[in-house]
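As a plain string of letters, each chain reads:
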Amino acid sequence: MSPIFVGRKAEGRELDGRLAAVMDGAGARAVLVGGEAGVGKTRLLEEFLARAEERGAVQATGACIEFGVDGLPYVPLTTALRTLRERIGEEALDRAIGSPGLRRRLAVLLPELVTGDQGEGHDEESGEFAHAQVFEAARQLLENLTAERPLVLAVEDLHWSDRSTRDLLAYLLRALPSARLLLVATFRSDDLHRRHPLRPYLAELERLRSVTRVQLPRLTEAEVREQLSGILGREPEAGLVDAVFERSEGNAFFVEELAGADGLPDPLRDLLLLRVDPLPPEAAHVVGLAAEGGPAVEHALLAAVARGEHGDHGEPGASGPPDGGLDGALRAAVDAQVLVPDGERYRFRHALVREAVAADLLPGERARINRRFAEALDADPLAVAAELRTARLATYRYRARQPDLALPLVVRAAKEAGKRHAHAERLHMLERALELWDLTAEATRAELPAAAGLLEGWPRTEGPARRIDLLAQAVVAARYASRPERAMTCLQAIRAEPDAVEPPEREAWLLLQEGRAMSNLGRGRAGMHADEVLRLLADRPPSQIKAQVHTRAAMGAVVRGGDPERAVALAEQAGELARAVGSESQEVDADISLGVALATLRNEPRGVEVLRDASRRAAAEGFAELTVRAYLNLVSVLVYWGRWDEAVRMGDEGMAHAARFGVERGAGAFLAGNIAEALIELGRWDEAARMVDGHAVDSAWQSTRDFVELEWAELAALRGDREHARQHLERTRRTDARRADEAQYLVPRAWTEILVDPSPETVRRVLDEVRGMLRRPGTARYALPLVVEAARVLGAQAPEAAELREVVEAHDAQALPAVWKAWARLARAWLGDEAEWEPAEAALVAVGSPHYVMSLVRGRGAADGAEGGDEAPALTRREAEVLGLVAEGLSNRAVADRLFISPKTVSVHVSNVLAKLGASSRGEAVARARRAGLV
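The following paragraphs examine the structure supplied in this document. Since we're looking at a predicted model, the values are computed, not measured.

Calculation rules
Residues numbered from 1 in each chain as written. Predicted model: local features only at pLDDT ≥ 70, side-chain atom pairs only at ≥ 80, totals over all residues. Heavy atoms only, no water. Axes fitted to C-alpha atoms, helices over the stretch in contact; angles between N-to-C directions. Helix = DSSP H or I, 4+ residues; strand = E, 2+ residues; numbered from the N terminus. Parallel < 35°, antiparallel > 145°, perpendicular 65-115°, else oblique. Left-handed = near helix turned anticlockwise from the far one by under 90°. Contact = heavy atoms within 4.5 Å. Nonpolar A, V, L, I, M, F, W, Y, C, P; charged D, E, K, R; others polar. Buried < 20%, exposed > 50% of the residue type's maximum accessible area, 1.4 Å probe, protein only. Pairing = 2+ DSSP bridges. Right-handed = clockwise from strand over helix to strand, strands pointing away. Patch = residues over 30% accessible without salt bridge, like charges linked within 9 Å, V, L, I, M, F, W, Y side chains within 5 Å. Areas by Shrake-Rupley, 256 points an atom, 1.4 Å probe, with all protein chains shown as cover. Salt bridge = Lys/Arg side-chain N within 4 Å of Asp/Glu carboxyl O. Core = buried A, V, L, I, M, F, W, Y, C linked by side-chain atoms within 4.5 Å.

## So, the packing of helix H31 (residues 644-661) against helix H32 (residues 667-681)
Piece 1. As a packed pair, H31 and H32 sit with axes 9 Å apart at the nearest point and diverge in direction by 160 degrees. Classified by the angle between their axes, H31 and H32 sit roughly antiparallel to one another. Crossing handedness for the pair H31 and H32: left-handed. Here H31 contributes Trp644, Ala647, Val648, Gly651, Asp652, Gly654, Met655 and Ala658 to the contact with H32, which in turn contributes Gly668, Leu671, Ala672, Ile675, Ala678, Leu679 and Glu681.
Piece 2. Across the contact of H31 with H32, the residue classes break down as 10 nonpolar, three polar and two charged.

So this is what it looks like as structure tokens:
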């Protein structure tokens with residue numbers, strides 16, 4: 001089992017909210033948790049029950065048992081009562097039971113309650129009256145128990161429940177309107193066939209206002225990555241994540257089984273085939289055909305193949321299956337929940353079932369079936385949608401072991417996938433073409449079209465396509481598909497080719513692509529070879545690759561906080577080179593670097609407009625990765641200029657383009673991180689967390705994940721959750737070596753470290769680490785907040801104060817955006833210039849700084865964690881919960897919705913918190929709470 005619990009935040013909040021309502025006296029509630037087998041229902045329940053116990057509830061769990069048509073009566077309740085007896089003790093249970101009569105009636109559910117002569121004189125009732133007595137006895141017991149403390153009653157595998165258990169649970173929900181009882185029941189939704197008795201039962205329960213149904217979805221790719229990290233004890237390779245996610249389709253149990261396994265483990269294969277083995281022979285044969293037909297196979301195509309198969313194996317002269325034979329076989333497969341109808345197609349309920357069925361076929365069978373599908377599709381091309389036709393036909397020919405027919409189709413399918421921005425499919429087809437290359441006749445390869453133009457400056461090869469050209473296409477496709485490890489493999493394969501580095505432009509291309517792949521893998525910087533390539537191409541004529549090199553060198557200067565004039569000159573030269581060779585895409589790329597250099601190193605507002613224009617041009621021309629690169633830099637620059645709302649709007653626009661171009665997991669994930677940065681500056685921390693959790697965390701690029709970890713650390717630190725902040729910071733240290741000169745990463749991390757541990761020792765340590773970066777051009781946005789926090793901890797008289805003042809003056813001498821001029825005033829105030837307090841506050845208000853920044857002014861005089869900070873008052877658990885949500889900026893209504901209590905109750909809690917903290921406003925309360933370590 002995975003050592004960490006992954007995802008399920010929304011479902012966990014739903015359960016926690018229902019428990020909070022029960023504990024606040026809202027009456028009995030029920031949550032019905034559905035999901036397919038293995039999706040994680042039991043783990044969700046276990047995690048919730050642990051939290052429920054921490055909050056003071058007692059919990060008891062029972063499971064239904066599969067036993068024929070209907071389960072054994074009352075088994076889950078009997079098990080739960082035994083568990084309850086152990087948890088609360090005999091004395092508490094006896095007190096809840098009270099009378100001997102109730103004890104005798106409860107003996108139906110828990111026989112050991114009646115021993116010896118306790119049952120004498122009791123005439124056993126029968127029929128409906130006995131049934132009613134059991135129900136009423138259970139009601140009385142739970143009512144008495146919940147009068148003392150809240151109870152969570154969990155029932156697992158409700159799909160195996162007996163009629164009596166179902167009726168009793170429904171009765172309790174109706175008969176205990178005021179009890180502090182939460183019923184949580186889990187069931188397998190994929191086991192509920194059309195006539196399953198649980199279907200109408202669930203429908204009836206859902207009519208009750210006290211009942212909520214939660215459907216547990218499969219894990220996302222980001223959650224699968226996190227689960228694999230926990231299982232393996234290390235960060236998994238992107239290729240492993242992609243493979244496990246594709247095969248498991250996010251089923252948590254399948255992820256655990258596939259982690260570290262080669263192929264399909266035998267126990268898992270046997271489990272997957274449990275539904276297939278009992279099928280009639282005709283149905284099993286059709287399921288085998290469907291497994292080779294594709295993830296979803298069209299009825300017409302399947303029928304044509306089935307007719308051909310029957311013609312081979314049926315009676316002499318047979319032209320197809322017996323009347324209704326195919327329909328009957330398909331009905332059996334659907335009823336067994338092996339296949340699922342999907343419009344005019346059929347798909348397997350789970351991809352791993354298809355994989356297991358296909359693996360059961362003999363090699364000759366698979367080749368024959370695929371040949372049948374290829375022939376059927378050739379005969380009736382309209383059987384498959386136009387956008388799928390070439391890829392499907394290429395796959396059938398490949399699996400039919402017909403390389404000379406397959407290779408041209410595979411190359412064409414790769415080109416079509418690229419046009420649809422289906423980058424993973426494009427990479428897959430290119431890899432397949434490389435596999436087929438040496439298996440095909442030279443005449444077949446000679447008829448292939450020439451390499452498709454210049455791939456980001458890759459020098460054109462004269463004549464027909466060559467293997468080295470396919471490898472170059474695969475490098476770019478791998479990057480777009482967020483598979484940097486595959487890009488590196490293809491780059492190594494190119495270097496093994498005879499003429500890999502001639503002409504010099506080809507060596508330059510390889511060096512740049514290696515830098516980008518190494519950066520995405522967390523092993524280097526994207527521009528790590530830029531200076532070397534500049535020298536390599538110094539005397540070469542203008543080319544697209546030469547323009548690329550100048551663009552990357554300019555951006556490297558920005559990242560490191562380098563010479564503004566050199567960065568701008570390099571970007572301008574890149575634009576000139578791009579225009580000389582007529583490359584509009586490279587001109588846009590150069591303008592992106594120019595805009596960032598102007599806006600952040602020279603502090604020129606026109607840099608924003610250069611970036612805005614580059615964004616529009618890239619999107620209009622369909623330059624996928626460039627569009628998102630333009631937007632992510634535009635958002636970053638807008639944040640630097642304090643235009644946070646505009647940054648969020650532009651970011652949303654850019655995310656729409658990222659989705660359109662299929663690059664959400666690469667550049668799109670980095671863009672999501674920049675949007676989150678704007679949301680943090682606006683004080684909209686919940687939205688920032690959702691943005692990071694929903695998009696940025698899903699990146700396959702290590703460079704983006706580093707950035708994400710830092711943002712999580714910052715969010716946690718600002719919320720006062722120092723433990724989680726420390727965990728995220730620790731994960732950022734894995735790639736320190738490659739970021740040794742990146743001011744835009746290391747300085748904000750140093751600031752976050754002070755937020756997490758505001759001690760003089762930490763401040764002095766991080767100052768030593770970043771001292772050489774603090775005065776660099778373009779670093780004001782990172783350096784000035786760090787100076788403020790350092791001054792708050794060390795004080796204006798510390799030996800380091802003079803050095804910190806020099807940092808402030810170095811930045812303030814520049815034409816900084818207004819927001820950083822305000823921060824410079826605030827830094828001087830914390831460094832002892834008392835006259836700067838009021839101007840600093842006025843300047844911060846003028847630029848719209850959020851409440852957490854304003855608390856640095858209004859809370860002057862005491863530093864987080866330093867001596868002289870506020871003493872923490874004693875808050876109740878609910879007051880602490882309310883204070884935490886107020887610190888996030890939530891209104892009373894929003895807090896009420898989150899905690900499932902009334903706004904009036906929230907108002908009372910807020911008033912109590914203000915009184916205990918000695919604060920006159922919510923903002924002051926939050927500031928005091930932070931200094932006291934309460935949030």
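## Some remarks on the pairing of strand S3 (residues 151-156)
Piece 1. Counting buried positions along S3 gives six out of six residues, so the element sits mostly inside the fold.
Piece 2. In terms of strand pairing, strand S2 (residues 58-63) meets S3 through six bridges, oriented parallel. Note that in S3 the partner of Gln59 across the bridge is Val152.
Piece 3. The pairing of S3 with strand S4 (residues 181-188) spans five bridges and is parallel. If you follow Leu153 over to S4, its bridge partner there is Leu183.
Piece 4. For the crossover from S3 across helix H7 (residues 163-175) to S4, the handedness is right-handed.

## Points about the side chain of Ser543
Piece 1. Tracing the chain through its elements places Ser543 in the loop between helix H25 (530-536) and helix H26 (544-560).
Piece 2. Residues in contact with Ser543, not counting those within four places in the same chain, are Glu505 and Val581.

## So, unusual backbone geometry
Piece 1. One non-glycine residue with positive phi stands out, namely Glu249, at about 55 degrees.
Piece 2. Examined against the element boundaries, Glu249 turns out to sit in the loop between helix H10 (238-248) and helix H11 (252-258).
Piece 3. You can call Glu249 partly exposed: its relative accessible area is 28%.
Piece 4. Residues other than glycine seldom take positive phi values, yet Asn603 does so here, at roughly 60 degrees.
Piece 5. Along the chain, the position of Asn603 falls in the loop between helix H28 (584-601) and helix H29 (606-621).

## Observations regarding the environment of His423
Piece 1. Positionally, His423 belongs in helix H20 (residues 423-437).
Piece 2. Owing to a relative accessible area of 5%, His423 belongs among the buried residues under this scheme.
Piece 3. Taking the C-alpha atoms as reference, His423 lies 10.0 Å from Arg483; in sequence the two are 60 residues apart.
Piece 4. Once you skip the residues sitting within four places of it in the chain, His423 turns out to touch Ala477, Tyr480, Ala481, Phe661, Gly662 and Val663.

## Description of a nonpolar patch on the surface
Piece 1. Residues Phe253, Leu271 and Leu274 make up a contiguous nonpolar surface patch of about 270 Å² in total accessible area.
Piece 2. Assignment of secondary structure puts Phe253 in helix H11.
Piece 3. Here Phe253 falls in the partly exposed class, since its relative accessible area comes to 30%.

## Considerations on the sheet that holds strand S8 (residues 345-348)
Piece 1. With antiparallel pairing, three strands are arranged side by side in an open sheet as S6-S8-S7. Each having just a single partner strand, strand S6 (296-298) and strand S7 (339-342) make up the two edges of the open sheet. Pairwise comparison of adjacent strand axes, ignoring direction, gives a mean angle of 30 degrees for this sheet.
Piece 2. As paired strands, S6 and S8 are joined by three bridges and run antiparallel to one another. Each residue of the ladder has a partner; that of Val297, found in S8, is Tyr346.

## Remarks on the nonpolar core
Piece 1. Counting 218 residues, the largest nonpolar core has Phe348, Ile494, Trp509, Leu786, Trp823 and Leu826 as the members making the most contacts within it.
Piece 2. Element by element, the count of residues in this core is highest for helix H30 (residues 624-640), at 12 residues.
Piece 3. The contact partners of Leu786, leaving out residues within four places of it in the chain, are Val747, Ala750, Trp751, Ile754, Leu767, Val770 and Leu774.
Piece 4. If you look at the next biggest cluster of nonpolar residues, it comprises 48 residues, including Ala96, Leu168, Ala170 and Leu181.

## What about the pattern of salt bridges?
Piece 1. In this structure the tally under the stated criterion is 65 salt bridges.
Piece 2. A salt bridge links Glu587 to Arg579; the shortest N-O distance between them is 3.1 Å.
Piece 3. Judged by its relative accessible area of 17%, Glu587 is buried.
Piece 4. Given a relative accessible area of 46%, Arg579 falls into the partly exposed group.
Piece 5. Through salt bridges that share partners, Glu809, Asp812, Lys821, Arg825, Arg828 and Glu836 make up one connected network.

## Points about the sheet that holds S2
Piece 1. Across the sheet, which stays open at both edges, the five strands sit in the order S2-S3-S4-S1-S5 with parallel pairing between neighbours. The open sheet terminates on both sides in strands that have one partner only, identified here as S2 and strand S5 (211-215). On average, adjacent strands in this sheet sit at an angle of 15 degrees to one another, irrespective of strand direction.

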